[in-house]
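So the chains spell out like this:
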Amino acid sequence: MRALRFLPLAVADALAVYGLVALGGQRSWWMFALLLAGTVAVNAVYLSRRAVPAKYLAPGVVLLLIYQVYVVLYTGYAAFTNYGDGHNATKSDAVAAILAASEVKTGESRPIRVAEKDGELGFGQGPGWRALPYAEIVARQAEIVRLRVPAEGGVLKTADGVTAALYRPALTYDAAADAITDTAGTVYRDAGRGAFTSADGRSLRPGWKVFVGTENFTSVLTNAEIRGPFLGVLVWTFVFAALSVALSFGFGLVLALILDGYRVYRSLLVFPYAFPAFMAALLWQGLLNTDHGFVNEVLLGGTAVPWLSDPWLAKLSVLAVNVWIGFPYMFLICTGALQAVPRQLAEAAQVDGAGPWRVLASVRLPLLLASTAPALVATFAFNFNNFNVIYMLTGGGPRDAQAPIDVGSTDLLISLVYKLAFGGTSRDYGLACAVSILIFAVIAAVSLAGFRRARRLEAAA
């Protein structure tokens, strides 16, 4: 039984060894060093009889380092590179890929025999070579298709495992000059931008990942193709977050005042908040369908209102759905805050002649804002990055056909980052990471100002 206590540690060590072997094979030495240091530290903690507190803290610390610290640091690193489609490998990998892509067939196909020797495949026969039977050729088809055998100034490649043809590259790489030349004599050189570029500006793909400094950050405001869409999305993100908080808080406060004492109705209002937000957004997507949605077919008598395909109606729709999802939370917050307000203060104001509206505006509301201000700031930050509602309801659309990048009328900054990183055919991870850092800076500034204001409200109350 005592040995069973070390079973989880043994499993973790086995996984660590597997990771170390994989990282060593990829020559990722800094990740290798980090994993090795972490493994040694974890073993030191759990094999020690004294480090009892560390045994409880270690899992959380490890997960924090992997899922938070590493992600933040890597995002910061990628933001200063050109990492993205066509720039996600090393220079040597890019050269090999460019030369391989330029290979052209220069002869007729001829019969070959795929064989294996010392664990390696080739087109050979003789001592030590074992000819593969047809069944094994079929089973290893993907590996055989990738096979490249040097021959006659080029390489032999096969597509069927039975015949092969000679391919020669149309481009040649001069390692001494660090340049690639095509058959027409055009020279492509490393211009320091992560790609081989000719004198007339043409570039060969793929390129490789290089450090570009603050270019990703400055291009957001200086690149005409990005500046306009980015500023439009930035304004809409602020409007969406601010209106979502204001309307949700307003509806929640009104209902909290009206339903004070009605426990059944207050319980029913919690249901929209208990329903998962992403499922609610999908449900509303069906309800607002132009042709078959419940809203148009039943409530509007068959009127084809383009709730999700018209730019302005789509903005109104995502805002309304987000308020519907969010106001029960504000209702609960306001209900609790109102119950915490001492009734003696309201009674004293009434004795002084204040009416119900005056009591609400001068007594209950200031105390309410003092206690709910931190929640309002947190809700604004949440809605600033409210990816679920936008993605599930409209996908950021309808798309702006005039914008040079993939951006829609309802896109928030966070959904724009998603599209830059994972959408379309030209993914730009470096730019997406830069925009993510800008989002963090904006939210941090707004939150700091909001919490300072909250402290002043609390002091005034």
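Look a little higher up for the structure.
Our subject in this report is the structure included herewith. The structure presented is a predicted model; accordingly, all values stated were derived computationally and were not measured.

Procedures and definitions
- Per chain, residues are indexed from 1 in the order of the written sequence.
- Local features in this predicted model are restricted to residues whose pLDDT is 70 or higher, and side-chain atom pairs enter the listing and the counts only when it is 80 or higher, whereas totals over whole chains, interfaces and linings include all residues.
- Side-chain calculation: all heavy atoms of the structure are included, whereas hydrogens and water are not.
- Counting from the N terminus, the helices are DSSP H or I runs at least four residues long and the strands are E runs at least two residues long.
- Any two residues whose heavy atoms approach within 4.5 Å at even a single point are treated as in contact.
- Only the protein chains shown count as cover for residues, with accessible areas throughout obtained via the Shrake-Rupley method and a probe of 1.4 Å.
- Residues scored as charged are limited to Lys and Arg (positive) and Asp and Glu (negative), so that His and the chain ends carry no count.
- The atom standing in for a charge is NZ when the residue is Lys, CZ when it is Arg, CG when it is Asp and CD when it is Glu.
- We call two strands paired when DSSP finds no fewer than two bridges between them.
- Only protein chains enter the accessibility calculation, which uses a 1.4 Å probe; a residue whose area is less than 20% of its type maximum is buried, one above 50% is exposed, and one in between is partly exposed.
- Here the arc refers to the set of directions running from the helix axis out to each C-beta atom.
- Throughout this description, the term salt bridge denotes a Lys or Arg side-chain nitrogen within 4 Å of a carboxyl oxygen of Asp or Glu.

## What about the overall build of the chain?
Then step 1. Secondary structure assignment for the chain yields 18 helices and twelve strands.
Then step 2. For the chain, the spread of C-alpha atoms along the principal axes amounts to about 110 × 70 × 45 Å.
Then step 3. Long-range contacts, defined here as pairs at least 24 residues apart, represent 58% of the contacts in the chain between residues at least 6 apart.
Then step 4. Total accessible area on the chain is roughly 27,000 Å²; 65% of this is exposed by carbon and sulfur atoms.
Then step 5. Across the chain, the centroid of the 36 positively charged side chains sits 10 Å from that of the 30 negatively charged ones.

## Examining the sheet that holds strand 5 (residues 130–131)
Paired through backbone hydrogen bonds, the strands of a sheet run either parallel or antiparallel to each other.
Then step 1. With antiparallel pairing, the three strands of this open sheet are ordered in space as 4-3-5. With partners counted over all chains shown, the strands left at the sheet margins are strand 4 (120–123) and strand 5, one partner each.

## A look at the pairing of strand 11 (residues 187–190)
Put simply, side chains in a regular strand alternate between the two faces of the sheet.
Then step 1. Where strand 10 (residues 179–182) meets strand 11, three bridges bridge the pair, whose relative direction is antiparallel. Counterpart to I180 in the pairing with strand 11 is Y188.
Then step 2. A loop of four residues connects strand 10 with strand 11, the two strands running antiparallel in sequence, and G185 in this loop sits at a positive phi of about 90°.
Then step 3. In this structure, strand 11 lies alongside strand 12 (residues 196–197), joined through two bridges in antiparallel fashion. Residue pairing for strand 12: R189 is matched across the bridge by T197.
Then step 4. Hairpin connection from strand 11 to strand 12: five residues lie between these consecutive antiparallel strands, with G192 at a positive phi of about 80°.

## Thoughts on the pairing of strand 4
Then step 1. Bridge count for strand 3 (residues 114–117) against strand 4 is four bridges, and the pairing is antiparallel. In the strand pairing of strand 4, V114 is matched with F123.

## Focus on helix 7 (residues 215–222)
Then step 1. Along helix 7, the residues classified as buried are N216, F217, S219 and V220. Down the axis of helix 7, the smallest arc covering the buried residues is 165°, so these residues share one side. Those residues of helix 7 that are exposed and aimed more than 90 degrees away from the buried face are L221 and T222.

## Re the pattern of salt bridges
As a working rule, side chains carrying opposite charge can pair if their charged atoms are close by.
Then step 1. Scanning all chains against the criterion turns up 14 salt bridges.
Then step 2. Between D85 and R427 there is a salt bridge whose closest N-O contact spans 3.5 Å. One end of the pair, D85, is in the loop between helix 3 (52–78) and helix 4 (91–101); the other, R427, is in the loop between helix 17 (413–422) and helix 18 (429–460), and 342 residues separate them in sequence.
Then step 3. Between R202 and D200 there is a salt bridge, with its nearest N and O atoms 3.1 Å apart.
Then step 4. Taken together, the salt bridges that share partners define one network made up of E116, R130, E136, R140 and E143.

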